[in-house]
Amino acid sequence: VLGVSPTLSLFFSLSASSFVPHPMSGDDAAQMAALAAEFGLSARGAQATKPPFSYLHAFFKAMADPWEQGTSEDGYINLAVAQNMLTVDVVQKRLRTAMASEQPQSTAAYDNMRGSEKLRTAMAAHMQRVLAPSAAAGTVDPADLCISTGCGAILDNLFLSITAPGDGVLIPAPYYPAFDNDLRVRNGTKALPVSGDRADVLPTPVQLTAAVDAAAAAGCAVKALLLTNPSNPLGVVYTPEELTAALQWALDRDIHVVVDEVYASSVFAASSEDALPFVSALAMEAHLGPAAKTRLHVVYGLSKDFCASGWRVGVLRSRNTGVIRAMDNVAYFCTVPGPMQYAVAEMLEDTAWVDSFLAQNSKNLGESHAVLSTALAEAGIPVVAATAGMFVWIDLSGWLREKTWKEEERLWSACFENPQCKLVMTPGRDCRHDQAGCFRMCFAAVKREALPVAVTRLAGLLRGFK
């Protein structure tokens, strides 16, 4: 396809006829060697040609033919993009205002590769005030921050600094489907999924210990635990008790803990009696013992909470001075442009605007979630009760002939390929779920009116699915 060789098209097929070979299906040494030989790639380069997830081809197909009310109502509805476009007009307007402000000439020059003093100071104040208001003053120090082009770059450089090729990272499953690729593609680090008693709870210390033992038996040393709170793909906020147990377990074993809090301000049910309040690991740090100083790392960014995935602004907060020194070097390759840093800092300094924006964005998220979850309930489709993020986790296992990954793939393909459905969702297998038949729906990247249409299409397909 698109003139690529047969070897390469095996991995980057844009065809809608079937799944691309699954990223977690294992390496095929012969195919990788053939690819390397054909294009003169290193083994690392050959591995990098693999798609980050199995449904990448569906993105291209759906992007070329999107659903639009009144003009293209037979187009694809893509609910597999973890992107928030609900309040993007407001944040883009504020950015234009900030970019119009006069900037010092220093924004055109080299600066601290971990971020300018102005931006790190503004980001530290924002994280302290918004993410961890109950933490002691000074918990988030500008000197402990590294700001780079997105959380992907932050995680890549962090794991470059704390793991070696072949090391393992425990990740509570189901999880963000690109974590496997993010860890593997440059650093050769292995993502090790660990399931709890249910999808929406963290694994217990006993389950985490069993995962470490299993990895050791396979010759893999576990160096880190990676958590996302609020959760992607579930949209749940974990309890402080769950988080404390998991964090303390890792720190007691000298295992790094990386807490991804990129959805921290995307809680949309904070006023509900059933909703758990978000509590940042930054606010727990003081009670986790001395190991937290060098082994606890918090990741944040503007992509989700500020509808700004294209801005590429991610941040690491770590009190590990060795990690920060490493970032002084490797952050050179992914520094945010100076004028953008200045504008983002000016925006974050406008706390009244920030508070107003976050409140509006949470309202918008809640309204879109309500539309989707209500439609799913009316269709009789089970869901996990979400209170944050931009996700609904649905269980379609009851429509499978048997609960196998092959059957999940067959259902996913039917949703995508059937001309009356044309729906893209994230398969649970890509999220490393331990049971077949679950899917992630992302509701913030499409127009709200597309959501009930998506459910109507899905329900219609399920009625005839055999």
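Residues numbered from 1 in each chain as written. Predicted model: local features only at pLDDT ≥ 70, side-chain atom pairs only at ≥ 80, totals over all residues. Heavy atoms only, no water.

## Some remarks on the overall build of the protein
Helix and strand counts for the protein come out as 17 helices and 12 strands. A compact globule built from 466 residues should have a C-alpha radius of gyration of about 23 Å, and the protein, at 22 Å, falls within 12% of that. Of all 466 residues assigned to the protein, the portion counted as buried reaches 56%. Long-range contacts, defined as pairs at least 24 residues apart, comprise 75% of the intrachain contacts of the protein with a sequence gap of at least 6. Of the roughly 19000 Å² that the protein leaves accessible, carbon and sulfur atoms contribute 55%. (Helix = DSSP H or I, 4+ residues; strand = E, 2+ residues; numbered from the N terminus. Rg over C-alpha atoms; globule rule 2.2 N^0.38 Å. Buried < 20%, exposed > 50% of the residue type's maximum accessible area, 1.4 Å probe, protein only. Contact = heavy atoms within 4.5 Å. Areas by Shrake-Rupley, 256 points an atom, 1.4 Å probe, with all protein chains shown as cover.)

## Some points on the pattern of salt bridges
Considering all chains together, one arrives at 18 salt bridges under this definition. Two residues, K422 and D65, come together in a salt bridge whose shortest N-O distance is 2.9 Å. Residue K422 is found in the loop between α16 (405-417) and β10 (423-424), and its partner D65 is found in the loop between α4 (56-64) and β1 (77-78); the two are separated by 357 residues along the sequence. According to the relative accessible area criterion, D65 is partly exposed, its value standing at 25%. For D355, the salt bridge goes to R129, with nearest N and O atoms at 3.0 Å. Of this pair, D355 sits in helix α15 (residues 351-378) while R129 is found in helix α6 (residues 117-131), placing the two residues 226 residues apart along the sequence. One salt-bridge network, held together by shared partners, links R94, E346 and D350. (Salt bridge = Lys/Arg side-chain N within 4 Å of Asp/Glu carboxyl O.)

## Re the confidence of the model for the protein
Low-confidence regions, as indicated by low pLDDT, have predicted coordinates that should not be scrutinised in detail. The share of residues in the protein with pLDDT of 70 or more is 93%, and the mean pLDDT across the chain is 93. Segment residues 1-26 is flagged for pLDDT under 50; beyond a separation of four residues in sequence, or across chains, it makes 62 contacts in the model. (pLDDT = per-residue confidence, 0-100.)

## Quick look at the sheet that holds strand β12 (residues 438-442)
Strands sit in the order β9-β12-β11 across an open sheet of 3 strands; the sheet is antiparallel. Sheet topology places β9 (391-395) and β11 (426-427) at the edges, where each strand pairs with a single neighbour. Here α16 sits on the sheet and contacts β11 and β12; the angle it forms with β12, its principal contact strand, is near 35°. (Pairing = 2+ DSSP bridges. Axes fitted to C-alpha atoms, helices over the stretch in contact; angles between N-to-C directions.)

## Side note on the nonpolar core
I394 and L458 are the most contacted members of the largest nonpolar core, which has 79 residues in total. With 7 residues, the top contributor of residues to this core is helix α17 (residues 450-464). Ignoring any residue separated from it by four or fewer positions in sequence, one finds L458 in contact with I381, I394, L396, C415, C421, L423, M425 and M441. Membership of the second largest hydrophobic core comes to 74 residues, among which are A215, V237, V267 and L296. (Core = buried A, V, L, I, M, F, W, Y, C linked by side-chain atoms within 4.5 Å.)

## With respect to helix α14 (residues 338-349)
Helix length check: α14 (12 residues) gives 17 Å between terminal C-alpha atoms against 16 Å at 1.5 Å per residue, within 8%. Inspection of α14 places M340, Q341, A343, V344, A345, M347 and L348 among the buried residues, and these make up the whole buried set. Here the buried face of α14 lies against α5 (88-100), α6 and α15. (Expected span 1.5 Å × (residues − 1).)

## Things to note about the environment of I77
Residue placement: I77 occurs in strand β1. Sequence spacing of I77 and C220 is 143 residues, and the spatial spacing of their C-alpha atoms is 40 Å. With near-sequence residues (within four places) excluded, I77 lies in contact with W67, K422, L423, V424, A450, V453, A454 and R457.

## Digging into the sheet that holds strand β4 (residues 190-195)
In spatial order, the strands read β2-β8-β7-β6-β5-β3-β4; together these 7 strands make up an open sheet with mixed pairing. Each edge of the open sheet carries a strand with a single partner, namely β2 (145-148) and β4. Looking at each pair of strands side by side, their axes are set apart by 25° on average, direction ignored. Its contacts with the sheet place α6 against β2, β7 (296-301) and β8 (314-318), and it is angled at close to 110° to β2.

## Points about empty space enclosed by the protein
The tally for this structure, following the rule as stated, stands at 3 cavities of 30 Å³ or more. In this structure, the largest cavity encloses a volume near 60 Å³. What lines the largest cavity is I171, P172, P174, Y175, F179, L202, L226, L227, T228, S231, N232 and Y238. Those elements that place two or more of their residues in the lining of the largest cavity are β3 (168-173) and β5 (222-228). Broken down by element, the residue count for the lining of the largest cavity peaks at 3 residues, all from β5. Partitioned by chemical class, the residues of the lining of the largest cavity number 9 nonpolar, 3 polar and no charged. (1 Å grid on protein atoms, 1.4 Å probe; cavity = no way out; pocket = protein on both sides within 12 Å on 5 of 7 lines; lining within 4 Å. Points joined across faces, edges and corners; volume = space filled by probe spheres on them. Nonpolar A, V, L, I, M, F, W, Y, C, P; charged D, E, K, R; others polar.)

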